[in-house]
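Now for the letters of each chain:
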Amino acid sequence: MNSLIAATMHARVLPLLLAGTLTTLAATLATGASPTTAGGNAETQTSVEQTARSTQPAAEVDSTLVGLWEASRTFDSAFEGEVVVRETSHGLFATVGQYTVAVSRDGNSTKFTLPDGKGRFDGLLDGDAIVGHWIQPATVQSFAEMASPVVLKPVTSGTWKGRVQILADEIHFYLSLRPCAGGRVCGNLQNPEANVGRFYDIHDVRLLDTNEVEFADADGQVIIDGRYDPEWDRLTIYFGFGGGHYDFSRAPGDRTSRFYPRPDTSYSYLEPALLDDGWSTATAEEVGLRRRLLGDLVTMIDTTSMESVDAPQIHALLVARGGKLVLEEYFHGYGRTSRHTTRSAGKSFTTTIVGAAEAKGLLSVSDKVATLLDWHPRDSDVDKASRMTVEHLVTMSSGLDCDDWDQNSPGGEDRMQNQNEQPDWVAFTLSQKMIAEPGTKSAYCSASQHLAGAAVIAATDTWLPEFFRTAIAEPLQMDVYHYNLSPVGRGYGGGGIYITARDFLKLGQVFLDGGTWNGKRIVSEEWVHRATRPYSQIGREGYGYGWWVFQYEFGGKKLDAYYAGGNGGQYIIVVPELDLNIVFMGGNFSQRVQHRSKYEYVPQYILPAVTD
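Residues numbered from 1 in each chain as written. Predicted model: local features only at pLDDT ≥ 70, side-chain atom pairs only at ≥ 80, totals over all residues. Heavy atoms only, no water.

### Digging into the overall build of the protein chain
Piece 1. The secondary structure content of the protein chain amounts to 16 helices and 32 strands.
Piece 2. Against the globule reference of 25 Å for 612 residues, the protein chain gives a C-alpha radius of gyration of 25 Å, in line with a compact fold.
Piece 3. In terms of overall dimensions, the protein chain has C-alpha extents of about 80 × 65 × 60 Å along its principal axes.
Piece 4. Evaluated residue by residue, the protein chain yields a buried proportion of 58% over its 612 residues.
Piece 5. Here the analysis covers contacts within the protein chain between residues at least 6 apart in sequence; of these, 62% occur between residues at least 24 apart. (Helix = DSSP H or I, 4+ residues; strand = E, 2+ residues; numbered from the N terminus. Rg over C-alpha atoms; globule rule 2.2 N^0.38 Å. Buried < 20%, exposed > 50% of the residue type's maximum accessible area, 1.4 Å probe, protein only. Contact = heavy atoms within 4.5 Å.)

### Details of helix α5 (residues 291–303)
Piece 1. Taking 1.5 Å of rise per residue, 13 residues should cover 18 Å, and α5 covers 18 Å from first to last C-alpha, within 8% of that figure.
Piece 2. Taken as a whole, α5 has its buried residues at Leu293, Leu294, Gly295, Leu297, Val298, Met300, Ile301 and Asp302.
Piece 3. Check the buried side of α5 and you find it contacts β20 (314–321), β21 (324–330) and α16 (596–606). (Expected span 1.5 Å × (residues − 1).)

### Brief notes about the environment of Arg73
Piece 1. Residue position: Arg73 is located in strand β1 (residues 67–74).
Piece 2. Residues Arg73 and Gly243, spaced 170 residues apart in sequence, show a C-alpha to C-alpha distance of 8.0 Å.
Piece 3. When near neighbours in sequence (up to four residues on either side) are disregarded, Arg73 contacts Asp169, Glu170, Ile171, Gly242, Gly243, Gly244, His245 and Tyr246.
Piece 4. At a separation of 3.2 Å, a polar atom in the side chain of Arg73 contacts the main-chain carbonyl oxygen of His245. (Polar contact = N/O pair within 3.5 Å; in protein donor to acceptor, adjacent residues only side chain to side chain.)

### Thoughts on the packing of aromatic side chains
Piece 1. On inspection of all chains with the given rule, the structure shows 27 aromatic pairs.
Piece 2. Summarising the aromatic geometry, the rings of Phe239 and Phe248 are spaced 6.2 Å apart at their centres and angled 65° between planes, so their arrangement reads as edge-to-face. Per residue, the accessibility class of Phe239 equals that of Phe248, and both read buried.
Piece 3. In textbook terms, an aromatic cluster arises when at least three aromatic residues are bridged by ring pairs, as seen for Trp405, Tyr444, Tyr543, Trp548, Phe550, Tyr552, Tyr563 and Tyr571.
Piece 4. In this arrangement the basic side chain of Arg343 is found over the ring face of Phe589, its NZ or CZ atom lying 4.1 Å from the centre.
Piece 5. Residue placement shows Lys598 over the ring face of Phe550; its charged tip is 4.6 Å from the ring centre. (Phe/Tyr/Trp six-rings, centres within 6.5 Å; stacked < 30°, edge-to-face > 60°. Lys NZ or Arg CZ within 6 Å of the ring centre and 35° of its normal.)

### Comments concerning the sheet that holds strand β29 (residues 548–554)
Piece 1. Pairing within the open sheet is mixed, and its 9 strands lie in the order β19-β21-β20-β32-β31-β30-β29-β28-β27. Here the strands that pair on one side only, and so sit at the sheet edges, are β19 (280–281) and β27 (536–538).
Piece 2. Of the pairings in the sheet, the one linking β20 to strand β32 (residues 580–586) comprises 7 bridges and is antiparallel in character. What sits directly across from Ala320, in β32, is Asn581.
Piece 3. Of the strands in this sheet, β20, β21, β30 (557–566), β31 (570–575) and β32 are in contact with helix α14 (residues 501–512), which crosses β32 at around 150°. (Pairing = 2+ DSSP bridges. Axes fitted to C-alpha atoms, helices over the stretch in contact; angles between N-to-C directions.)

### Digging into helix α6 (residues 347–359)
Piece 1. With 13 residues, α6 should cover 18 Å at 1.5 Å per step; its first-to-last C-alpha distance of 18 Å lies within 8% of that length.
Piece 2. Among the 13 residues in α6, 12 count as buried, and that is most of the element.
Piece 3. What α6 keeps buried is the set Lys347, Ser348, Phe349, Thr350, Thr351, Thr352, Ile353, Val354, Gly355, Ala356, Ala357 and Glu358.
Piece 4. Gly361 sits one or two positions beyond α6 and adopts a positive phi of about 75°.

### Quick look at the nonpolar core
Piece 1. The biggest cluster of nonpolar side chains holds 69 residues, and the ones touching the most others in it are Phe349, Val354, Trp375, Phe468, Ile472 and Phe511.
Piece 2. Per-element tally for this core: the top contributor is α14, with 7 residues.
Piece 3. Within the second largest apolar cluster, 42 residues are counted, among which are Val326, Ile538, Phe550 and Val610. (Core = buried A, V, L, I, M, F, W, Y, C linked by side-chain atoms within 4.5 Å.)

Here's what the structure looks like:
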């Protein structure tokens, strides 16, 4: 999250949203919360209310607004489509939709910018092709510029063509209203992109004579309001998020709305599709997994009621064993080609970028940060700062005053992204005090991983998304991704990259296979060992090089495991002893229920499915 939110967020929502940002996951990720507490106490509260009201006379419910409502907006602020670059007698020009603009070339560097903030291209002449990234303007969905890979291939002498694919900038809302005790209408609001609906546990809906609508909480306080148009049977609500007013229409009555996990709850197992993306596929039985238990998990997700504000929002579930993809399921309108946010799980990509740079001999974790980043710390910090290495960054033990879990920490991610004085987040972080000797104290610090990305830039003299493309994305046969940028155009190392679930799963497979993907070396085997051991402890779990380290108790023994974790329920979970690689992607941002996939679904369904 960054300061752009402040310009769009409704006054009722802003204080709450700022308390539940990208890093809120970290505060509960390693707390060891009991799975039985996942999901909060909404059901208990409802039960108490119903018991209290059961002695009261039944009241007639105004059913005018009862039902499922949905609204969405697509923000067309950037170009997407074909790009043609031509060499003419007057120079190099790019035709992009309705625009034709001059192309700047300096050596192999190739750049051009569209007017009206529609986007820009930054690439390199690589052999016969022009390879680079399209930079999409800051989106409503992500609040950041996004860099997406583009390849312009030669079609004739002096002509190159390619296609820009941007992050679909869409916001969806689903409003479920139902009769409640005491003549009330209650319900919940869901928003898969940011989970804004978590703030609106609706306990009463009041349709006034003026057709104004008030949505109240358990204390009777109005939390949102809107207007009902009886002629068009339409609700209009203002959120102050994602563009303001949304017009809600009634959803179809056949479960085809994305509010439901899927239209059809009668699940039948199918082997995942074999695509040209590097994944081998197999049936569950072929890799020693019980199809029935995997099917029970999918059916449970399919049939879970969405009526609670704390309902689990699983968007993707993938399982691989022995390097073969055996389960691939999507929910709530997401699919195989959907690019989903990874939130803080993207930190594990950042540290892998560092490992890839080390494998190429371009960087070492023992390199000094002050030297790499030409850092001149304050006089009182010189001694400590001089001992800070890249390893201290990737293990979040830099000694800087940065703790995302402490709202008073001056270097925390929320403060960094919501301040306007220093748009360069590297400079902002390096301006913080040294409060500990590097390596002696660990704290969850997203800015630390951003500094690690900056170290790669300095060591390789390469823009971070470009190094990611060549060192990670291309050898992993990744599909189109969207790399989020800081305000000054650096790739943000603290997380947030948007990728497909199949590509997300590949990162786990690289580490399970000793640093390789289909025989291609990404990081060294030694890096895998170091990255997945508990270098330090943050909260109640160990932390390595961007990976959390923990154990499952199963079958009378403890199984070592490690995971990448991101707010909302973004998980890559690896269990080496069982050769298991698991991905969950979800939308329960800043809710405890997001951890059910790790604490409940894996030990209750996936681990017992292993037959050998």
